[in-house]
Amino acid sequence: MNNKYRKTVIAGNWKMNMLASGIKPYMEELKSFLPKTKSCETVICAPAVNIPTLMKLGKEAKIICGAEDVSEHDKGAFTGDISAAQLADIGVKYCIVGHSERREYYKESDFKVNAKIKQLLDKGISPIICVGESLEQREMNLTSAHINYQVRAALNGIDVNSLRKCVIAYEPIWAIGTGKTATAEQAEEVCRDIRAIIRDIYGARPARSVSILYGGSMNAKNAAELLAQPDIDGGLIGGASLKPADFATIIAATGAENE
Ligand code: 13P
C-alpha cells in the first residue's frame, strides 16, 4: 500500500451468494467487528437485486456499493441486461469488469471488457478491471505476456482522466476460490508489472496514483502480508467477504485501526 499517492480499497465480491434477507444480519455482524475509523474505501460488489437493500443497510458502516457486471450497450433491446446508466441512477459507484468467471463462463472477450469499461466511465462509475493468468499460463512463463495484453486491451482508448477513475484487480485464476493464494512476492511482482504497463502508456504520475488490488483466496490470515506490499493497494475478496468477521479483519489489516 502507499496511502500517500493512492487510495486503499477493500472490495468484497459477493458473487451469486446473498439473499436480501441475509443483508441485515450480515451488516449487524460486520458493524460489530469493524475498526472505529478506516482509511480504506470499503466496497461491496453485489448482484443488482441486492443493491438497493445493501445501499440502505450499509450506510452506517460506510459501505460503498458496487455492481458485479454491466452491459456493454448503452440502452435498448437487451433483455436481462443492466446498463451503466441504470446503475448510476441508483447510486452505484463501482462495478467489476472482466472477472475471470465472466470471461470463462460467458466468453467475454477483451473487446467486450473494454466496451463495458467505457460505458461505466461515461456514467461516472469506477470500473474494477480484473486481469489474471491461468495456471497453465503461469507454468509456461506466460504470466507477464498475458497480463500485458489484458491490461492494454482493457485500457484501449481510455484517456488519462478516465484512468484516474479505474481500479485494477490482479486475480490469478488458479487462486480464485481454491484456497491457494499467490505468495506476497508473486502477487507483488505482477502488481508491480501492471503499474509498469500503466506507466508505459500514461506516464509516471498516473501510474503512481492508480490503485491495484490483489484477489484470489485473500483471507483474514494472509491479508496483512499481501497488503504490506508496496504495489498492492487493497483486495478484491470473494469467499471471505461473505463472513463479516473475516471481512472486517481484512479491512483492519489496512492499518486503519491505528489511525
Ligand atoms: P475468492 O476470494 O473466493 O478466492 O474469490 C476471489 C474473487 O474472485 C474476487 O473477485
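See the structure above.
This one's a predicted model, so the numbers in the text were calculated from it and none came from an experiment.

(A) View of the environment of Ile173. As for its position among the elements, Ile173 is in the loop between β6 (167-170) and α9 (184-202). Residues Ile173 and Gly216, spaced 43 residues apart in sequence, show a C-alpha to C-alpha distance of 7.5 Å. Apart from residues no more than four positions distant in its own chain, Ile173 is found in contact with Ser100, Gly132, Glu133 and Ser134.

(B) Representation of the packing of aromatic side chains within the structure. The tally for this structure, following the rule as stated, stands at two aromatic pairs. Between Trp14 and Tyr26, the aromatic rings sit 5.0 Å apart at their centres with planes inclined by 75 degrees, giving edge-to-face as the arrangement. A residue pair is termed long-range when its members are at least 10 positions apart, and Trp14 in the loop between β1 (9-13) and α1 (20-33) and Tyr26 in helix α1 qualify at twelve residues. Overall, the relative accessible area of 4% leaves Tyr26 in the buried class. Residue placement shows Arg102 over the ring face of Tyr106; its charged tip is 4.2 Å from the ring centre.

(C) Spatial organisation of the pairing of β1. Counted residue by residue, β1 has five buried out of five residues, so it is predominantly covered. Going residue by residue along β1, you find Val9, Ala11 and Asn13 tucked away on one face and Ile10 and Gly12 tucked away on the opposite face as well. Viewed along the sheet, the connection from β1 through α1 into strand β2 (residues 41-46) turns out right-handed. The pairing of β1 with strand β8 (residues 234-237) spans four bridges and is classified as parallel. Its bridge partner lying in β8, Ala11 is registered against Leu236.

(D) Structural view of the pairing of strand β5 (residues 126-131). Most of β5 sits out of view: six of its six residues are buried. The side-chain alternation of β5 yields two buried faces, one formed by Ser126, Ile128 and Cys130 and the other by Pro127, Ile129 and Val131. Summarising the sheet, β5 and β6 pair through four bridges and their orientation is parallel. When the bridges of β6 are listed, Ile128 appears paired with Val167.

Rules behind the numbers
Residues numbered from 1 in each chain as written. Predicted model: local features only at pLDDT ≥ 70, side-chain atom pairs only at ≥ 80, totals over all residues. Heavy atoms only, no water. Helix = DSSP H or I, 4+ residues; strand = E, 2+ residues; numbered from the N terminus. Contact = heavy atoms within 4.5 Å. Phe/Tyr/Trp six-rings, centres within 6.5 Å; stacked < 30°, edge-to-face > 60°. Buried < 20%, exposed > 50% of the residue type's maximum accessible area, 1.4 Å probe, protein only. Lys NZ or Arg CZ within 6 Å of the ring centre and 35° of its normal. Right-handed = clockwise from strand over helix to strand, strands pointing away. Pairing = 2+ DSSP bridges.

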